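What the coordinates show
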Amino acid sequence: MTAHSVDHVEFFVGDVNQASHYYCGTYGFRVVAEAGPLTGLAGARSLVLAHGGVRLVLTSALHADHAASHFVRKHGDGVRDVALRSTDAAGDFATAVAAGADAVSEPETFEDAGGRVVRATIAATNDLVHTFVQRDDPEGPFLPQRYLPVDDGAPDPGLLRSVDHLAMCLRPGSLDTMVDFYGRALGLKHTYDEYIVVGGQAMASKVVQDSTRGITFTMVEPDPTSNRGQLNDFLDGFDGPGVQHIAYGTDDIVAAARELRSSGVELLSTPAGYYASLAARGIEVGIDPAVLQDLGLLADRDEWGQLVQVFTRSPYARRTVFFELIQRLDARTFGSGNIKALYEAVERERADSAVPAGAAARVGG
């Protein structure tokens, strides 16, 4: 396979204008391209948002029969497509289909004077797809002949570097099947696994990555013999498996967390006792512990280095997709030592109220 990074993540949403307003107003994204019936995008309107090296595509249906309309009725707003940057989209598509992946759309070329893009799409699970995207010019137009460029003149905040990883919530008993699928269809290697117990809940997790670690999926399934928890909430709210959170890599998590919080992003809080234990865990990330605690930042280490991360409250009424900021200080794993703190924080949120705080201000779903 020639795919080694995430090209973009597409959300199907109920209201593209509302969703765009949220992501631009809180996470600092800018609208850089748009498409609709007048550009050849039948039955839908779509906006491309950019921040640093991250691109989101927001698409909403213009009629009830469009795929985005069916998706939103079933799942609420959520991730439809994790598109992968490829140097041979047609070849990667053929390899994936030969390995058993279902074809969604055959290779298609979009070309104009500004550049050429080849795309082809396979199915993954429960309406999630992967599009191979081959760009002759990585800095060229998003999709020639289909998306028109937009320049709002706003500067890029430069806080988000890349999509570090995506976490998928799976039904009990399907974890090994999905790891096998991603190995066969996308050539991703199983690199990490663990079994996590938090209170009465338990879950199994496995990680698959490409050789460069530019594509990383962490996959989690609840243990059906344990108590129900937030993974079950996701499966119920999303009506099955899907992308539970997107982790954005950053080079300055303190600046990013401060800016996002000041713009209205709700960061999950962590008990004060967590920070008192950092020294005993041998963690020193060069950030004042008081700053870590104020922003809810979590720190962890592995055999390669350390990392700092923070998780957001879901902005969706169904409490499905949420986000993460992560700054890697040479660490290659995902904050195993923080998982207990994360899940305890989310459990407190679940217990606070049946209706999420601030739901009226959230972005659909």
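Residues numbered from 1 in each chain as written. Predicted model: local features only at pLDDT ≥ 70, side-chain atom pairs only at ≥ 80, totals over all residues. Heavy atoms only, no water.

Quick notes on the overall build of the protein
For clarity, the threshold we go by: Only DSSP runs of H or I with at least four residues qualify as helices, and only runs of E with at least two residues qualify as strands; both kinds are numbered from the N terminus onward. In this setup the radius of gyration rests on C-alpha atoms only. A globule is expected at 2.2 Å times the number of residues raised to 0.38. The cut-offs for exposure are 20% and 50% of the maximum accessible area for each residue type, with area from a 1.4 Å probe on protein chains only; residues under the lower value are buried, those over the upper are exposed, and the others partly exposed. Pairs of residues are marked as contacts when any of their non-hydrogen atoms sit within 4.5 Å. Using a 1.4 Å probe, accessible areas were evaluated by the Shrake-Rupley method; residue-level cover was limited to the displayed protein chains. Counted charges follow a simple rule, with Lys and Arg positive, Asp and Glu negative, and His plus the chain ends left uncounted. By convention, the charge on Lys lies at NZ, on Arg at CZ, on Asp at CG and on Glu at CD.
Within the protein one finds nine helices and 17 strands. Its C-alpha atoms give the protein a radius of gyration of 20 Å, near enough to 21 Å, the size a compact globule of 365 residues would have. Here the protein holds 365 residues, and 55% of them are scored as buried. Within the protein, residue pairs in contact and separated by at least 24 positions form 68% of the contacts whose partners lie at least 6 positions apart. If you sum the accessible surface of the protein, you get close to 14,800 Å²; carbon and sulfur atoms cover 50% of it. Separation between the mean location of the 31 positive side-chain charges and that of the 48 negative ones in the protein comes to 3 Å.

Some details on the side chain of Thr250
So the rule is basically this: Whenever two N or O atoms come within 3.5 Å, that pair is a polar contact, provided that in protein one can donate a hydrogen and the other can accept it, and provided that, for residues adjacent in sequence, both atoms are side-chain atoms.
Mapped onto the elements of the fold, Thr250 is located in the loop between strand S14 (242-249) and helix H6 (253-262). Within the local environment of Thr250, its side chain forms a polar contact with the backbone oxygen of Leu159, the two atoms lying 2.7 Å apart. The contacts of Thr250, once residues within four sequence positions are left out, are Leu159, Arg161, Ala256, Ile326 and Gln327.

A word on unusual backbone geometry
Of note, Asp127 is a non-glycine position whose phi angle comes to about 75 degrees, a positive value. Residue position: Asp127 is located in the loop between strand S7 (115-125) and strand S8 (128-135). The class for Asp127 is partly exposed, based on a relative accessible area of 32%. In this model, Asp239 sits at a positive phi of 60 degrees, which is unusual for a non-glycine residue.

Side note on the environment of Phe11
Positionally, Phe11 belongs in strand S1 (residues 5-12). Its relative accessible area of 0% is what places Phe11 among the buried residues. Put simply, Phe11 and Ala290 are 279 residues apart on the chain and 36 Å apart in space, counted from C-alpha to C-alpha. With residues near it in sequence (within four places) discarded, Phe11 still touches Tyr23, Leu56, Val57, Leu58, Thr59, Gly78, Val79, Arg80, Ile246, Tyr316, Val321 and Phe323.

Let's talk about helix H4 (residues 175-186)
As a reminder, the rule being used: An expected span of 1.5 Å times one less than the residue number is assigned to each helix. By construction, the arc corresponds to the directions joining the helix axis to the C-beta atoms.
Between the first and last C-alpha of H4 there are 16 Å, a value that for 12 residues agrees with the 16 Å anticipated at 1.5 Å per step. Leu175, Met178, Val179, Phe181, Tyr182, Ala185 and Leu186 are the residues of H4 that are buried. The arc that holds the buried residues of H4, viewed along the axis, is 160 degrees, so those residues lie on one side. In this structure, H4 carries Asp176 and Thr177 as exposed residues pointing more than 90 degrees from its buried face. In the stretch just after H4, Gly187 is the one whose phi turns positive, near 70 degrees.

Observations regarding the pairing of strand S11 (residues 189-198)
Put simply, the rule reads: At least two DSSP bridges between two strands are required for those strands to pair.
Summarising the sheet, S11 and strand S12 (residues 201-209) pair through nine bridges and their orientation is antiparallel. Paired with Asp193 across the two strands is Lys206, which belongs to S12. The hairpin turn running from S11 into S12, its antiparallel successor, is two residues long, and Gly199 in that turn takes a positive phi close to 60 degrees.

A closer look at the sheet that holds strand S13 (residues 216-222)
Short version of the rule: For helices, the fitted axis covers only the stretch in contact; all axes are lines through C-alpha atoms, and the angles between them, taken along N-to-C directions, range from 0 to 180 degrees.
Ordered in space as S11-S12-S13-S10-S14-S17-S16-S15, the eight strands form an open sheet in which the pairing is mixed. Edge strands, defined here as strands with exactly one partner in the open sheet, are S11 and strand S15 (298-301). Strand-to-strand, the axes of this sheet are offset by a mean angle of 25 degrees, without reference to chain direction. The sheet contact formed by S15 and strand S16 (residues 306-311) spans four bridges and is antiparallel. Counterpart to Ala299 in the pairing with S16 is Val308. Where H6 meets the sheet, its contacts fall on S16 and strand S17 (322-329), and the angle it forms with S17 comes to roughly 160 degrees.

Brief notes about the confidence of the model for the protein
We apply this condition: The predictor's confidence in any single residue is recorded as pLDDT, a number from 0 to 100.
Confidence in the prediction for the protein averages 92 pLDDT; 93% of positions are at 70 or higher. In this model residues 355-362 is a low-confidence stretch, pLDDT under 50, and it forms 11 contacts with partners more than four residues away in sequence or in other chains.

Here we look at the pattern of salt bridges
Rules: Salt bridges are identified by distance alone: a Lys or Arg side-chain nitrogen within 4 Å of an Asp or Glu carboxyl oxygen.
In this structure the tally under the stated criterion is 13 salt bridges. In this structure, Asp236 and Arg228 form a salt bridge, with 2.4 Å as the shortest nitrogen-oxygen distance. Across the pair, exposure class does not vary: Asp236 and Arg228 are exposed alike. The partner of Asp294 in a salt bridge is Arg261, with the nearest N and O atoms 3.1 Å apart. Of this pair, Asp294 sits in helix H8 (residues 289-295) while Arg261 sits in helix H6; the two residues are 33 residues apart in sequence, bridging distant segments of the chain.

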